[in-house]
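# Working through the structure, step by step
Residues per chain, in single letters:
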Amino acid sequence: MPMRHPKTLKIALLLALAGAIVTSTLAAAWYAKQRALAQLSEQALNHLQIRALALQRLVDRYRVLPTVLALDPELRQALSEPASAVDVDALNHKLTEANGATHVSTLTLIDRHGVAIAASNWNEPSSNVGLHYAFRPYFQQAMQHDVGEFYGIGITTNLAGYFVSEALHDDKGQRIGVIVIKIPLDTLEKEWAGSGDIELLSDANDVVFLSNQPAWIYRPLTPLGPNVESTLARTRQYGNHLLPPAVLHTQATIGAGGRLVHAGLPLMPHDVVWQSMPLLAQAWTLHLLSDAHPATLAAYRAALVTLGIWLLALLLALFLQQRVRAAQLHRRSRRDLEQLISHYASALRSEEDSLVHAALQAMAGHPEVLARLPQGVSVIDTQLRLVAWNDRYAELFDYPASLLTAGQPVEELFRYNAKRGLLGPGDIEDAIQRRLNYLRQGSPHMVERERPDGVLLEIRGRPLPGGGFVTSYADIALYKEAARELRTLTHTLEHRIETSTQDLRTAKAEAERANRNKTRYVAAAVHDLLQPLNAARLFAGSLRQSDTAHTGVVERIERSLQALDSQLTSMLDLARLDAGAITPEVQVFALSPLLQELAGQFGIMAQAKGLRLSFVPTSAWVRSSPALLQRAVQNFLSNALHYTPQGRILLGCRRVGPALRVEVWDTGIGIPKDRLEIIFQEFRRLDTAVDADERSAGLGLSIVERIAHLLGHPLLVRSWPGRGSVFGMTVALAQPPASAVQAGDDDGSDSLLKNRTIWLIQESAHLRQKTAAMLCGWGCKVSEWAKADEALAAAASIPDLILVDGQWEPILALLKLRGADHQPPIVAFLGKDETGLPDVLRQAGVHTTNLPPSPPRLRAMMMQLLLGS
């Protein structure tokens, strides 16, 4: 099978990588957009529910009025008598008084023939008196079915309104006329005007008759058929105000029954999320058009985040590849150098052996052997006379032919070279005698000598067996130049590797900085979103007080806002953990009080769901961060409550060698084995129908994983589908301090509130006594005052925590304690009608809770504040 070309393989890998990047980026953008569209659709549906309630309340307010007037004896008598006998003025004044009391637009009394005989606007130019209304649907419906409803434009006033009619009967039960009221809907228009979205109200024929955008009013949402157009013309419902039908193109269907729609007429700059809600009682339909551009922005952000992750991964891969290549190059260079040295040594030994063998042959009468050697060679005997040489030797030293003769003393050759300055500076005789002594001693030698003419010679001398000496002369200038170039090339390569490594470090630092900037942006965005969310929760609380008829809807709104608040808080915690903004305060503490507080807090919620939460106390002391460990176990318990429809939950500890593992067991639905790895990823949740309307954002276990990594606490998760799960975190055991052991002997309570100094400042003596009794039952040392000034004047030391009435003046006085070394937390009790104060208190760093205080909630809040102080 033929091998693929490396270049082709590299191109294929690059294309595959590019495809993966493009596919994952598009998938992330598509998912983010779909999720954002679904959220917009769900928000629009909730908004429409509120609008529908307001509209229905307005209609119900006036619906009973026609029924009451239909029973009026004066009106019935007027319709039963001949027209000439009717006191029209009295009827007009009666209707005018009724209109003034109810604040409707007009009241009109119509006889059985459809003629208005009296009206509340009788004294206006647009009076209804004397006009025929038999063609109006509300008259026809009332004469046939006793009641009628109709929305249209007034014939005389040219103003739109909602008409509600009721038939009047004589003593025999016969219909003798109709009383009609016209309800103006301008209050809804004013209320809708402040909305940032487009709101529409259409009739049974899909004609928009009410909107906060004039371009939509009296515009059909679908083309009208001939019969509908004929009916509208006959009833003069909208007069001549009908606009051309809207041109709408549905792009996609999204969650919560919404649609992604592009409007061509009237033209809109962006696609919209179109959500509709039918009003069955009136055969109307409410529509909300939300700008879908935020979903597009969410897609862009998701794409940028995905590309950033890919960029970071690629930079890391390039950095690792560069390091691997540098290591491989270093090993290869070392191996090549060792091989080169070994080869050179072997070649040198072989060359020396060959040189000695050639010299012996030359002394034996075969001087032609030396001619085949590349270097210059001279051979002398024991008498230091020249015996043999080759042409290269004569060429290197440029000897005259008369000087190179067999038996020539080598001293003459040295003297000839000395005269030409080839023996170097100094006394000539000393240089000659020094060289002769080397030859007499017969010692091997190797020297490098650069001649005045620039020739660099490597001179090697070796004694011969049986006497004599052979010397070789090699010109190594080219070899030295090659060595210098090799060293320069090596230095250049090392410099390039160092530069590339530095560039990769810089790119990695830039990517990490971008990731930190992203984390700070997420934290800032979540912080900004929490402010309008808190305002919405205040509005929901006000709505609960003012509208007791729709408590269920308000409770769903409050649950949704609470879930959103929890999700945003989790996102903020996750961003702070990713950014390294949380520094754990590790200390040695007793574990049981912390777990007992969580068991008490979640035990109430478990009981509300019909579950049983058990807690096994422990006497162990551990080394960890109390606040972070509490948050991790709290998320374990929250998950257990969420995914356990029935049964029980167990909170306890298990010794694991020299450590202790805090475990939460449940009898819930369990987790499939193939999903155990992904439950710790952000925004990943099990697809289950359990508490589907209260699903979290999927961040709880992600926060737990980061806390475990930050604290160095190993995690454990095991699960059995259909039977339950166990989550655990292993913490280091510690020895309790001596003071804690002594205190434990004297006090059996394990509450962290024990012996804590609490200031209780409440004007109501009754409430103060009840709260003080509750605090004393928790082991607190309570100091009671009615006024903050009394507490500040009488107290000799600063307390651990302050509980105070939610009034700004006493709290302002207590905030002066913040200048002390110990800054006690402050919790303010707020009444239900104090809606503006919480924001001011939170900005001042004061915590709040509602009156009357819930003991579990207050106890948990105090524990959390004391742990963090």
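Preceding this paragraph is the structure being described.
Below, the discussion takes up the overall build of the chain. Of regular secondary structure, the chain possesses 21 helices and 28 strands. A burial count over the chain gives 40% of its 869 residues as buried. Here the analysis covers contacts within the chain between residues at least 6 apart in sequence; of these, 57% occur between residues at least 24 apart. For the chain, the accessible area works out to roughly 47100 Å², and carbon and sulfur atoms hold 55% of it.

Time to look at the sheet that holds strand S7 (residues 208-211). Spatial ordering of the open sheet is given by S7-S6-S11-S10-S9-S8, a layout of six strands whose pairing is antiparallel. Bordering the open sheet on either side are S7 and strand S8 (247-253), each of which pairs with just one other strand. Neighbouring strand axes in the sheet, compared pairwise and without regard to direction, differ in orientation by 35° on average. Alignment of strand S6 (residues 198-202) against S7, held across three bridges, turns out to be antiparallel. Paired with Leu200 across the bridge in S7 is Ser211. Contacting S6, strand S9 (259-265), strand S10 (272-279) and strand S11 (284-291), helix H1 (residues 6-70) runs over the sheet at an angle of about 35° to S10.

Another point: the side chain of Asp381. Topologically, Asp381 is positioned in the loop between strand S12 (376-380) and strand S13 (386-389). A residue is classified by how much of its surface remains accessible, and Asp381, at 15% relative accessible area, is buried. Within the local environment of Asp381, its side chain forms a polar contact with the backbone nitrogen of Gln383, the two atoms lying 2.9 Å apart. Within the structure, the side chain of Asp381 is placed 2.9 Å from the backbone nitrogen of Arg385, a separation counted as a polar contact.

On to the packing of helix H14 (residues 626-642) against helix H15 (residues 700-711), then. Between H14 and H15, whose axes approach to 9 Å, the crossing angle comes to 150°. When the axes of H14 and H15 are compared, the pair comes out roughly antiparallel. For H14 against H15, the interelement crossing comes out left-handed. Listed contacts from H15 to Leu628, Leu629, Arg631, Ala632, Asn635, Phe636 and Asn639 of H14 are Gly700, Leu701, Ile703, Val704, Ile707, Leu710 and Leu711.

Looking now at the sheet that holds strand S16 (residues 469-475). Reading across the sheet, the five strands line up as S13-S12-S16-S15-S14 and stay open at both edges, with antiparallel pairing between neighbours. The outermost strands of the open sheet, each flanked by one partner alone, are S13 and strand S14 (445-450). This sheet shows a mean twist of 20° between the axes of neighbouring strands, independent of strand direction. Pairing between S12 and S16: five bridges, direction antiparallel.

This next bit is on unusual backbone geometry. Here the bond from Leu265 into Pro266 is cis, since omega is -5°, no more than 30 degrees from zero. Positionally, Pro266 belongs in the loop between S9 and S10. In this model, Asn158 sits at a positive phi of 60°, which is unusual for a non-glycine residue. Tracing the backbone through its elements, the reader meets Asn158 in the loop between strand S3 (147-153) and strand S4 (160-169). Not every positive phi belongs to a glycine, and Ala256 is a case in point at roughly 60°. Mapped onto the elements, Ala256 comes out in the loop between S8 and S9. Judged by its relative accessible area of 41%, Ala256 falls in the partly exposed class.

Counting residues in hydrophobic clusters, the biggest one holds 47 residues, and the most contacted among them are Leu109, Leu201 and Phe209. Here this core gets 10 residues from one element, more than from any other, and that element is H1. Residues contacting Leu109, with those up to four places away along its chain left out, are Leu75, Leu79, Leu91, Leu95, Val115, Ala116, Ile117, Ala118, Leu168, Val178 and Ile179. If you look at the next biggest cluster of nonpolar residues, it comprises 40 residues, including Ala640, Ile679, Val704 and Phe727.

Procedures and definitions
Residues numbered from 1 in each chain as written. Predicted model: local features only at pLDDT ≥ 70, side-chain atom pairs only at ≥ 80, totals over all residues. Heavy atoms only, no water. Helix = DSSP H or I, 4+ residues; strand = E, 2+ residues; numbered from the N terminus. Buried < 20%, exposed > 50% of the residue type's maximum accessible area, 1.4 Å probe, protein only. Contact = heavy atoms within 4.5 Å. Areas by Shrake-Rupley, 256 points an atom, 1.4 Å probe, with all protein chains shown as cover. Pairing = 2+ DSSP bridges. Axes fitted to C-alpha atoms, helices over the stretch in contact; angles between N-to-C directions. Polar contact = N/O pair within 3.5 Å; in protein donor to acceptor, adjacent residues only side chain to side chain. Parallel < 35°, antiparallel > 145°, perpendicular 65-115°, else oblique. Left-handed = near helix turned anticlockwise from the far one by under 90°. Core = buried A, V, L, I, M, F, W, Y, C linked by side-chain atoms within 4.5 Å.

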